[in-house]
Amino acid sequence: VQLVESGGGLVQPGGSLRLSCAASGFPFSSYGMSWYRQFPGKERELAAHITSAGDSTNYVESVRGRFTISRDNAMNTVYLQMNSLKPEDTAMYYCRVQVLGTLYWGQGAQVTVSS
């Protein structure tokens, strides 16, 4: 299993970024996918989750209405569209999947929101 995030960077408050996570090594369309984020000195927290078919999503309250998780099962990729970004969204963002009881994480993508 391999997860590779991309799309992080520096953005001004109110701006947008889209993170991508390219997955391989497992039947992508059979598994729900999650985006987690980790603030400096804190544990990782779930930001968003999408079911295997993409027909259901859920979000942590702090990002609901601003972030959108989606997936392209033909491309084995999950996305996180982040709009109206705030300085408090600054974190390392990780893609995660659980396959046969084992958790797999990507290497992370740094998102920094600052003027």
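Look up a bit, the structure's there.
To keep things clear, this report deals only with the structure shown in the data block. (Residues numbered from 1 in each chain as written. Predicted model: local features only at pLDDT ≥ 70, side-chain atom pairs only at ≥ 80, totals over all residues. Heavy atoms only, no water.)

**Observations regarding the environment of Val60**
So, point 1. For Val60, the location among the structural elements is in the loop between strand 6 (57–59) and strand 7 (67–72).
So, point 2. Exposure remark for Val60: the relative accessible area of 24% places this residue in the partly exposed category.
So, point 3. As a C-alpha pair, Val60 and Ala48 span 12 residues in sequence and 6.4 Å in three-dimensional space.
So, point 4. The contact partners of Val60, leaving out residues within four places of it in the chain, are Glu45, Leu46 and Ala47. (Helix = DSSP H or I, 4+ residues; strand = E, 2+ residues; numbered from the N terminus. Buried < 20%, exposed > 50% of the residue type's maximum accessible area, 1.4 Å probe, protein only. Contact = heavy atoms within 4.5 Å.)

**Quick notes on the nonpolar core**
Among soluble globular proteins, nonpolar side chains are generally buried collectively.
So, point 1. Counting residues in each nonpolar core, the largest one holds 30 residues, and the members touching the most others are Phe26, Met33, Trp35, Val78, Leu80, Met82 and Tyr93.
So, point 2. The set of elements that each furnish at least two residues to this core consists of strand 3 (17–24), strand 4 (33–38), strand 5 (44–50), strand 7, strand 8 (77–82), strand 9 (91–99) and strand 11 (109–113).
So, point 3. Top contributing element to this core by residue count: strand 9, with five residues.
So, point 4. When sequence neighbours within four positions are dropped, the list of residues in contact with Tyr93 reads Glu5, Leu19, Trp35, Tyr36, Arg37, Phe67, Leu80, Met82, Gly108, Ala109 and Val111. (Core = buried A, V, L, I, M, F, W, Y, C linked by side-chain atoms within 4.5 Å.)

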